[in-house]
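Spelled out from the first residue to the last, the chains are:
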Amino acid sequence: MHNYEEKMLIMLVEKYRKSKKDSGTGVINRRTQIKPSNLYAGYYRNDGDLDEINGINEVAAGLREKGFLTYEMKGFSNEIATIYLIDGMVEEAERYLAEKYGYESKHEKMKQVEGIVARYSGYSPVADLECDRLRASLDKNTVPKNYEQTEEILKALVFIERNERQLYVREASMLIYGSSKYFEENTLDAVCGLLRKYHERPCEENELFDEILGEYHISAERQKLCLKGDIVLVKNGKAIELGEFQNGVEFYADELVALESIRVRDRRFMTVENKTSYMRCNEENTSYFYLGGYTKRFQREFLRKVFDDNPEITYLHFGDIDAGGFYIHENLCRITGIPFGMWRMSKEELQDARYKECLLKLSPNDRKRLKTLVDHEMYRDVVQYMLENGVKLEQEIVSFRNF
């Protein structure tokens, strides 16, 4: 059974703190209330769990004795109709929650934000503007959204805006957080969003979101391009035959500027989402390019040059048969302008007995993302099948069974 005491009190306290009563702007003084069904969905059902229902009733009675709340019963029933917070006891309720359950009250959260604003004001332009926004929120007696990450974001903003060294993203992350991956995994999007917002710099067409960091001397790690097949690269007037390398080659993307031409002798050029499948793929008359997810800037420029130099060949993409795989394909086509078809990303693969044991169930988020693709003609057939049958498939098993 759930800990309904903690849950019940927190729901009432936080509902009050989010109300206009707490900020003093409410015109109509409505009582702060919840229904038992907010705590346990089966409370009013005939088949509801009696232990859960009785547990809620006992907790409500105990909290009423402590003076935190009151409630009304349904007529001719032992069911509670509505639970009400006694508003004057909200601070006592918060103290009780803090002492017993480690709860952090609205007042404590606001004090944290005040301290953060004091520590990071006056050091850099965008950080100052964000601090002003936080102050305005506090002045309205509201806790800023996602306040827990505020300090980490401001710390990065101050460092970035004051930085004068040429750094890679992971070096900057080490200097800011003491961890090479923390910036990319936790705050990069929020920081870049604020830099763009306050400088009124929305993403231009085909510009990556984090490219704004380049204006502060911070760039992504050197990227490598991976490809294999019967391809000839011409660099500094010399022809490099990739067909001589059975497993393909890798080279740093910034060497792209020195490539004079890219000649694909195969009939097809295929991008591959995942590295394992890229290594496995070896169909005749097909060249392969490892994508690794959403298309990055250097990959985009390389693929455009491939297409410009080889407009007559067929372009395909091979990825996971899931929402992410289709989003990656859509992004690839849109950001490069190349009409990539899809290879083995259809409902036929989902129906293939060879992959039956590897089918995965759709999560609620999978369904939500797939529903946005139903109206897209290219994906409609396979997406409808996925939604009807609740399945998806990773590409590694497809490449394993086919090569």
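Going by the structure above, here's the rest.
To start, this report covers the structure provided alongside it. Keep in mind that this is a model prediction, so the values were computed, not measured. (Residues numbered from 1 in each chain as written. Predicted model: local features only at pLDDT ≥ 70, side-chain atom pairs only at ≥ 80, totals over all residues. Heavy atoms only, no water.)

## Here we look at the overall build of the chain
As a reminder, the rule being used: Only runs of H or I of at least four residues qualify as helices and only runs of E of at least two qualify as strands under DSSP, and these elements are numbered from the N terminus. We take the radius of gyration over the C-alpha atoms and set the globule estimate at 2.2 Å times the residue count to the 0.38 power. In this scheme, a residue with accessible area under 20% of its type's maximum is buried, one over 50% is exposed, and one in between is partly exposed, where area comes from a 1.4 Å probe on protein chains only. The criterion used for residue contact is that any of the two residues' heavy atoms lie within 4.5 Å.
Counting its secondary structure elements, the chain contains 17 helices and 16 strands. The globule rule puts the C-alpha radius of gyration for 403 residues at 22 Å, and the 29 Å found for the chain is more than 25% above it. When each of the 403 residues of the chain is scored for burial, the buried share is 45%. Here the analysis covers contacts within the chain between residues at least 6 apart in sequence; of these, 65% occur between residues at least 24 apart.

## Observations regarding the nonpolar core
Heads up, the rule is: Residues belong to one nonpolar core when they are buried, are Ala, Val, Leu, Ile, Met, Phe, Trp, Tyr or Cys, and are joined through side-chain atoms within 4.5 Å.
In this structure, Leu154, Leu157, Ile160, Phe183, Val191, Leu195 and Leu213 are the most contacted members of the largest nonpolar core, which totals 33 residues. Per-element accounting of this core gives the leading share, 7 residues, to helix 8 (residues 150–162). Setting aside residues no more than four positions away along its own chain, Phe183 makes contact with Ala156, Ile160, Val169, Ser173, Tyr177, Leu188, Val191 and Leu213. Judged by nonpolar contacts, the second largest core, of 29 residues, contains Met270, Leu316, Met345 and Leu387.

## Some words on the environment of Gln166
By the element assignment, Gln166 lies in the loop between helix 8 and strand 4 (167–168). Placed 147 residues apart in sequence, Gln166 and Ile313 show a C-alpha to C-alpha distance of 40 Å. Discounting chain neighbours no more than four positions away, the residues touching Gln166 are Glu171 and His217.

## Quick look at the packing of aromatic side chains
The condition is simple: Centres within 6.5 Å make a pair out of two Phe, Tyr or Trp rings, where for Trp the six-membered ring is used; the pair is then stacked when the planes are under 30 degrees apart, edge-to-face when over 60, and tilted otherwise. Counting as a charge over the ring demands two things of the Lys NZ or Arg CZ atom: a distance within 6 Å of the ring centre and an angle within 35 degrees of the ring normal.
Counted according to the given criterion, the structure contains 13 aromatic pairs. Each ring, one from Phe307 and one from Tyr315, has its centre 5.3 Å from the other, and the planes form 65°; the classification is edge-to-face. The exposure class assigned to Tyr315 is buried, which follows from its relative accessible area of 5%. The structure contains a cluster of three or more aromatic residues connected by ring pairs, namely Phe251, Phe269, Phe289, Phe302, Phe307, Tyr315 and Phe340. Above the plane of the ring of Tyr278 lies Lys228, whose end atom (NZ or CZ) is 5.0 Å from the centre.

## Quick notes on the pairing of strand 7 (residues 231–235)
This is how the line gets drawn: Strands qualify as paired when DSSP identifies two bridges or more between them.
Buried residues dominate strand 7, accounting for 4 of its 5 residues. Where strand 7 and strand 10 (residues 259–264) come together, 5 bridges link them in antiparallel fashion. What sits directly across from Ile231, in strand 10, is Val264. Pairing of strand 7 with strand 8 (residues 238–241) involves 4 bridges; the strand directions are antiparallel. Paired with Val234 across the bridge in strand 8 is Ala239.

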